[in-house]
Amino acid sequence: MIRLLALLLLLAPAVLAQQKPDVLFIAVDDLNDWTSYLGGHPQAKTPNIDRLVARGTAFTNSHCAAPACNPSRAALMSGLRPWQTGIYTNNDPAQGVMKDTLTLNRHFLANGYNTQGGGKIYHGYGSEGRTDSWTKWEGLFPSIPEHEENMTGLNRGHFDWGPVNAKPSDMGDYKATDWAIHQLKTAPADKPLFLALGYIKPHLPWYVPQEYYDRFPLAEIKLPVTKEHDLDDIPKAGVRMAGPEGDHAAVVKADQWKKAVQAYLATISFLDDQVGRLLDGLDQSPRKDKTIIVWWTDHGWNLGEKEHWRKFALWEETTRTSMAIIAPGVTKPGTTCAAPVDYVNMYPTVCELTGLPVPEHVKGASLMPLLKDPAAKWDGVAVCTHGKGNHAVRDSDWRYIRYADGSEELYDHSKDPYEWTNLAKEVGMSEIKARLGAVLPKEEAKATSAEKKKGEGKGKKKKSE
């Protein structure tokens, strides 16, 4: 009996570890709602992404906490909003805040998980601020040379696209998928696995092999649905974010709009193939039946709507994301949830799903009630921030935008899904604006970039992506 008890004590840590589910944590850069299941573009072909989200619950009204890589990822991984951290834009350094914050991966590491990270999880590995946050950090994977080729003739840096003479296996995301599959199949069984895989594509430049462009013949390409003079009822602060005289004017002048749409669709299709390979690898691994999958894209992307390109704005196309959670024993396959959610909901949700305590600093609401019942009552709204004082609030029917100068936009999605008619100045809208505006902060942290020494960073700089 004594020997048996001793044996049980030795085995207990491994047994307890195996009671915790594994987590496959997939981040995607710059993918908006151009997936088949969300219908963001009628020609999008994403059978593998569709296959992934169909395994659990897809959130069809999910939004980033900030429409740029750095602040979006910092918010999701810390559970803190931009106005709490001062990380508002890509130009606001994150490492000073993140190094003293119990980030999501650091929390899993401290609770006995084998935390493996590779690809793009934070906006640059240094953004996390520490080197003791992973069991192993693999980093970025070598890819084809992606210096600025200027294939389009626009001469606008990595705002460029075109087919490249390469095989899919030459691409970094292909190699990242190979690495993740290897981890799923070979990671030690005596510890639960937190595997974070960050896909780079469809981030610019849209350089992928010719075969992906061939899937979308240029003559058949459909442009996004737009309205002429759409910026006429938008305040100056919003027009400045749109920047119509920049990317959009250049694209139209060079007759590159259809080619850009083709390139984005092609790059998404390349990503989708990697997702398919990843799912097949998971299914062939010993972890198949006990792995939670968390799928998220860091923000949306505009391709000419409101004469705007890229992220860096507060409209639907820039804040809406592709997000899904597959949790064996909790979610039901093929379910969708239309509740308005954002990425500060992610940290507490993953904790609850894995039985980890929620850290004191994490105040977001867990999505567990919606995972159990996608139609459950939900009082939350999605909030997105782009620069100090600029915020968007999204509920089931409305988008309310308030800029730092007090100017506003208001859209009724039940009647105006493209956000063509700004109702902010219309009679009878005060109650709606007040209700949605009530969730916005009364005080906001100083931007971390403002902490730079006086005189640093002078001169005009390109937007960081």
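Summary of the structure given here. (Residues numbered from 1 in each chain as written. Predicted model: local features only at pLDDT ≥ 70, side-chain atom pairs only at ≥ 80, totals over all residues. Heavy atoms only, no water.)

**Some details on the environment of W83**
- Looking at the secondary structure, you find W83 in helix α4 (residues 82-85).
- Judged by relative accessible area, which is 13%, W83 ranks as buried.
- Each C-alpha atom, one on W83 and one on L440, is 9.7 Å from the other, the two residues being 357 residues apart in sequence.
- Apart from the residues lying within four places of it in its own chain, the contact partners of W83 are Y88, V383, T385, H391, V439, P441, E443, E444 and A445. (Helix = DSSP H or I, 4+ residues; strand = E, 2+ residues; numbered from the N terminus. Buried < 20%, exposed > 50% of the residue type's maximum accessible area, 1.4 Å probe, protein only. Contact = heavy atoms within 4.5 Å.)

**A short note on the pairing of strand β9 (residues 291-297)**
- Along β9, 7 of the 7 residues are buried, which leaves the element largely enclosed by surrounding structure.
- What you see with β9 is no split at all: T291, I293, W295 and T297 on one side and I292, V294 and W296 on the other are buried throughout.
- Here strand β1 (residues 22-28) pairs with β9 via 7 bridges, running parallel. Within β9, the position partnered with D22 by the bridge is T291.
- The pairing of β9 with strand β12 (residues 323-326) spans 4 bridges and is classified as antiparallel. Within β12, the position partnered with W296 by the bridge is M323. (Pairing = 2+ DSSP bridges.)

**Brief notes about the environment of V97**
- Relative to the elements of secondary structure, V97 occurs in helix α5 (residues 95-98).
- If near-sequence neighbours (up to four positions away) are discounted, V97 is found in contact with T85, I87 and T448.

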